[in-house]
Structures are given as C-alpha cells and as structure tokens.
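# Report on the structure
Letter by letter, the chains look like this.
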Amino acid sequence: MFNKEFKEIQKTHITVGFFYESGKELFKLKSLNGEVGFDRKITDKNIHRPGLALAGYVELFTYNRIQVFGNTEIKYLQSLSPEERIKSIKNILQFEIPCVVITNDNLLPDNLLDLFTEKQVAVFQTPLETTKLVYFISDFLDDQFAPQTVVHGDLVDVYGIGLLFVGRSGIGKSEIALDLVERGHRLVADDVVLITKKGENILIGTCNSVTKHFMEIRGLGIIDVKNMFGIRAIRYQKRVEVVVELLDWDPKEEYTRTGLDEEHISILGVEIPLIKLPIFPGKNITVIAEVIALNHLLKHYGYDSKKELKKNLKPI
C-alpha cells in the first residue's frame, strides 16, 4: 500500500531577487537601481497598479503586491509639477512595497528613482506592454504560490494521458515506466513526482531538478532516459489524469471485474480516477497501462464501454 495522505506544500513568499532572476528573460526585466531591495519579500500572487495611490488615495492600497507602472501611471506623474511628483511617490513609499515594474520602456520623471533607492525598493523596466506583462507575471506567481505535494511514484505520458503509477516500494513502478518508454511513450518523472495544483481542478506533475529524467532500475542501477532513448522519450511536465495503484496479487481479495463502481482519489482537493491493478509474474502490465489510457480517452470523448455493456444486458 502507498501513503494516500498527501502533505500539502505551499510557499508563503518569494524574494524580489528570486523574482528577478527567474523572470528577467521571460519578462525582459532590466534593473534600474542594481540589487537594491532584492531581499524584500513578495507575499501576494496578485499584482497592483497604484494609480489611485499615486493620486493620494491609499485607504485600499494593496502595497504588499508587485506594483506595475504602466502608461497611465507614468503619464500622470509627468503631468505633475516636480514638487507634486515627489509628494506622490513619497505617499506610496511610506508603505513596504516589494518592488516596482515599469512597462513599455517608460522612464521615471526627474530624480524619482533616487527616492525608491533610498527606501530600498527595487525598480525594474521592461519593453513589454502592461497587459502582456501582467499576464506573464500573474502566471509566474500562480505557479510559485500554488499548492504542491510530492508523491512516490512514476508519471508517464501514455497516448497523451498522464498515468501516475503508485504502489509499495519495489513493486515494479520504474520497470513498467521503462517498458512504456521503450514502446514509444514519454517519461515525466521517476520515483519522485512533484504535483502542482493549477486552477481549481488541474494537477500538473513534473520531476525535481536533481533527478530529472534519470531512472533507478533495481539490479541495474541508474540510467539516463533522455540520452539513452532521445528527446522524444521525455516530457518536463504533464497533467495527472489517472492514478494506477499497483497491488500484489491476493487470491482472497475481490477485485473489480466490471468497473461500474469507479473509484477516485483526492490529491490537493482534486478528484482523480483510481485504478487498482493487481499484478503477478507474467501479467503484461504495460499493455494494460496502454489500455487504461485509451479507455480514459474514450470516456473523454463520451464513450464508456462499461455503460454500453450494461445497456445491452437490460431485458427487452
């Protein structure tokens, strides 16, 4: 039996330095005041445009978010006198804001950058339009603050369906995954699967940065799937759609034969179909795994073989 208690992991913050290093290529960020404020914490996954705060209304100012200065904010500052600009910036700098991102390659008027530097607030510039930048950063922060869990198992993309193989240690999860790779399917993660919740009901599985696409085969050792089978044999992430629990065959146990009573397992609050698969020497688990994936595809397109058979069994 595998542990069905999935411990939820969730970040409480990331640093401004981590945000810059992780997103400087994607967001085309340029630091305007060096590494000032890189140790400050971002604790909210949402983004704020401080138009009203710059105008003086700070009652509802969500200062703990990344502050984005678009064309509207820059044009407003440019419309003010030098004294009013300084007052406007000082008005928001009384709060512990994490950092500022200026879009469209805009520049801060006068010497306003010095005010941010004095208060240890990082200021970044990007050529991206505000709408595009907000989309990119929101997606990045969603990933950073999303609930996660770690599962001991193997995740394989089989005919486009993410099959997560779980079971006791040594039952043969890696061997099944390797056999599927040899048959043309794609390995996502072996032994340690990091699962992230995206949105309300989507689970994305990936490998960790250490093991990547290495596999441990008992009696053989460590193999590199990417170099052995080529780039076609791996994926860096895949949606988890079916959990296949490998069980030791027990002749006294009653196993489902029709599948009419479907089982599910909850991972991070998302219900995933669970297939309990008893195994014994000589049983072709690889082919069965392919059939599980194809059967799930059929259900996705509206055809359920179990229900169709049930209809045929009804008396006329």
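Report on the accompanying structure. (Residues numbered from 1 in each chain as written. Predicted model: local features only at pLDDT ≥ 70, side-chain atom pairs only at ≥ 80, totals over all residues. Heavy atoms only, no water.)

On to the environment of Leu-194, then. Mapped onto the secondary structure, Leu-194 falls in strand S10 (residues 186-198). The class of Leu-194 is partly exposed, set by a relative accessible area of 23%. Measuring from C-alpha to C-alpha, the distance between Leu-194 and Phe-6 comes to 11 Å, with 188 residues separating the pair along the chain. Once residues within four sequence positions are removed from consideration, Leu-194 is found in contact with Gln-148, Thr-149, Val-150, Ile-204, Gly-205 and Thr-206. (Helix = DSSP H or I, 4+ residues; strand = E, 2+ residues; numbered from the N terminus. Buried < 20%, exposed > 50% of the residue type's maximum accessible area, 1.4 Å probe, protein only. Contact = heavy atoms within 4.5 Å.)

Inspection of every chain in the model, using the stated rule, returns 13 salt bridges. A salt bridge links Asp-44 to Arg-65; the shortest N-O distance between them is 3.3 Å. With a gap of 21 residues between them, Asp-44 in the loop between strand S3 (41-42) and strand S4 (47-48) and Arg-65 in the loop between helix H2 (51-55) and strand S5 (66-69) connect regions that are remote in the sequence. One continuous salt-bridge network, built from bridges that share partners, spans Asp-139, Asp-143 and Lys-198. (Salt bridge = Lys/Arg side-chain N within 4 Å of Asp/Glu carboxyl O.)

A few words now on the sheet that holds strand S17 (residues 270-279). Through backbone hydrogen bonds, the strands of a sheet pair up, either in parallel or in antiparallel fashion. Strand order in the open sheet formed by eight strands is S14-S11-S10-S8-S9-S15-S17-S16, with mixed pairing between adjacent strands. Each edge of the open sheet carries a strand with a single partner, namely strand S14 (237-239) and strand S16 (263-267). With strand direction ignored, the average angle separating the axes of adjacent strands in the sheet is 40°. Note: strand S15 (residues 242-248) against S17, six bridges, orientation parallel. When the bridges of S17 are listed, Val-244 appears paired with Ile-275. The strands touched by helix H9 (residues 285-300) within the sheet are strand S8 (148-158), strand S9 (161-167), S15 and S17, with S9 carrying the most contacts at an inclination of about 135°. (Pairing = 2+ DSSP bridges. Axes fitted to C-alpha atoms, helices over the stretch in contact; angles between N-to-C directions.)

Here the focus is the side chain of Lys-238. Along the chain, Lys-238 falls in strand S14. In terms of polar contacts, Lys-238 uses its side chain to reach the side chain of Glu-241, at 3.1 Å. Apart from the residues lying within four places of it in its own chain, the contact partners of Lys-238 are Leu-155, Asp-157, Gly-160, Ile-161, Gly-162, Val-188, Leu-203, Ile-204 and Gly-205. (Polar contact = N/O pair within 3.5 Å; in protein donor to acceptor, adjacent residues only side chain to side chain.)

In summary, soluble globular proteins display a tendency toward joint burial of nonpolar side chains. If you look at the biggest cluster of nonpolar residues, it comprises 27 residues, and the most contacted ones within it are Leu-163, Phe-165, Met-215, Val-225 and Leu-246. Every element with two or more residues in this core is listed here: S8, S9, helix H7 (173-182), strand S12 (214-217), S15, S17 and H9. A per-element tally of this core places H7 first, with five residues. With residues near it in sequence (within four places) discarded, Met-215 still touches Asp-154, Ser-174, Ala-177, Leu-178, Leu-187, Asp-190, Gly-221, Ile-222, Ile-223 and Val-225. Counting residues in hydrophobic clusters, the runner-up holds 21 residues, among them Phe-27, Val-68, Ala-122 and Ile-137. (Core = buried A, V, L, I, M, F, W, Y, C linked by side-chain atoms within 4.5 Å.)

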